[in-house]
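# Topology and contacts: notes
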Amino acid sequence: MSDPADRLYEQVLLLRCQAGDEAAFVEIVAGYDPRLRYFLRKLVHQAHLVDDLLQEVWLDVHRGLPKLKELAAFRAWLYRIARDRAVRYLRKKEHVTALPEDFELLEVDETNFTADDVAHIHTALDKIPTAQREVLVLRYLEEMPYEEIARVISAPPGTVRSRLHYAKHALRHELERTMAHD
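Residues numbered from 1 in each chain as written. Predicted model: local features only at pLDDT ≥ 70, side-chain atom pairs only at ≥ 80, totals over all residues. Heavy atoms only, no water.

### Some points on the overall build of the protein
- A count of helices and strands for the protein gives eight helices and zero strands.
- A fraction of 69% describes how many contacts in the protein between residues 6 or more apart in sequence connect residues 24 or more apart.
- A total accessible area of about 10,300 Å² is found for the protein, and carbon and sulfur atoms account for 55% of it. (Helix = DSSP H or I, 4+ residues; strand = E, 2+ residues; numbered from the N terminus. Contact = heavy atoms within 4.5 Å. Areas by Shrake-Rupley, 256 points an atom, 1.4 Å probe, with all protein chains shown as cover.)

So this is what it looks like as structure tokens:
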């Protein structure tokens with residue numbers, strides 16, 4: 001949602017939510033639910049748990065939205081809640097993967113992809129560590145800037161750049177392995 005008119009409309013919806021308008025909340029949920037579902041699915045790898053986590057996220061959002069002071073930060077706040085729910089679940093199951101913190105980012109040229117390439121990418125995403133997968137999803141599917149991702153994952157922008165760097169390399173490695181077997 002990078003269009004200024006869409007951002008403004010979202011802020012109006014959020015104000016209505018804060019005033020108790022349930023129809024506005026339903027519209028916010030409808031707009032974010034599919035993308036949030038994908039984000040959670042990529043973090044926990046268990047489709048049957050995503051609905052439960054998503055319900056908990058929306059309950060947390062419903063309870064916390066009246067207290068949200070900076071409406072422009074809603075998206076980062078929402079994804080932060082979703083990430084926290086997923087991390088809590090993963091910690092219970094002891095699946096959290098640690099990553100190196102601060103390394104220099106090397107930029108990679110973007111390319112146009114075919115439908116087959118996109119399918120391979122989504123499959124390869126499932127095979128890389130959770131912390132790397134989440135920054136790729138937030139950056140390239142949600143189109144969040146580094147600063148917003150940093151707020152979601154509670155890390156400095158340099159860490160976001162580092163994770164993106166390693167995530168791109170891990171994804172590239174998985175894609176090369178997948179393509180070699182096709």
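### Topic: the packing of helix H2 (residues 22-44) against helix H6 (residues 130-141)
- Remark: H2 packs on H6, axes separated minimally by 9 Å, with the N-to-C direction vectors making an angle of 160°. Put simply, H2 runs roughly antiparallel to H6. H6 is crossed by H2, and the crossing has right-handed handedness. Here Tyr38, Phe39, Lys42 and Leu43 of H2 lie close against H6, whose contacting residues are Thr130, Arg133, Glu134, Val137, Leu138 and Leu141.
- Residues of the contact of H2 with H6, tallied by class, amount to six nonpolar, one polar and three charged. (Axes fitted to C-alpha atoms, helices over the stretch in contact; angles between N-to-C directions. Parallel < 35°, antiparallel > 145°, perpendicular 65-115°, else oblique. Left-handed = near helix turned anticlockwise from the far one by under 90°. Nonpolar A, V, L, I, M, F, W, Y, C, P; charged D, E, K, R; others polar.)

### Side note on the packing of aromatic side chains
- Taken as a whole and judged by the stated rule, the model has four aromatic pairs.
- Ring centres 6.0 Å apart and planes at 85° place the aromatic pair Phe25 and Trp58 in the edge-to-face group. Placement of Phe25 in helix H2 and of Trp58 in helix H3 (residues 47-64) is noted, with a sequence separation of 33 residues between them.
- The exposure class of Trp58 is buried, given its relative accessible area of 8%.
- Cluster of aromatic residues (ring-pair linked, three or more members): Tyr32, Phe74 and Trp77. (Phe/Tyr/Trp six-rings, centres within 6.5 Å; stacked < 30°, edge-to-face > 60°. Buried < 20%, exposed > 50% of the residue type's maximum accessible area, 1.4 Å probe, protein only.)

### Focus on the environment of Gly31
- Relative to the elements of secondary structure, Gly31 occurs in helix H2.
- Measuring from C-alpha to C-alpha, the distance between Gly31 and Glu10 comes to 9.5 Å, with 21 residues separating the pair along the chain.

### Overview of unusual backbone geometry
- A positive phi is found at His45, a non-glycine position, where the angle reads about 60°.
- Relative to the elements of secondary structure, His45 occurs in the loop between H2 and H3.
- Positive phi outside glycine occurs at Ser154, with the angle close to 55°.
- Examined against the element boundaries, Ser154 turns out to sit in the loop between helix H7 (146-153) and helix H8 (157-181).

### Section: the packing of H3 against helix H4 (residues 74-93)
- One way to put it is that H3 packs onto H4 with a least axis distance of 10 Å and a crossing angle of 135°. Classified by the angle between their axes, H3 and H4 sit oblique to one another. Pair H3 / H4 crosses with right-handed handedness. On H4, the residues touching Leu49, Leu53, Glu56, Val57, Trp58, Asp60, Val61 and Gly64 of H3 are Phe74, Trp77, Leu78, Ile81, Ala82, Arg85, Ala86 and Tyr89.
- Residues that form the contact of H3 with H4 fall into these classes: 12 nonpolar, one polar and three charged.

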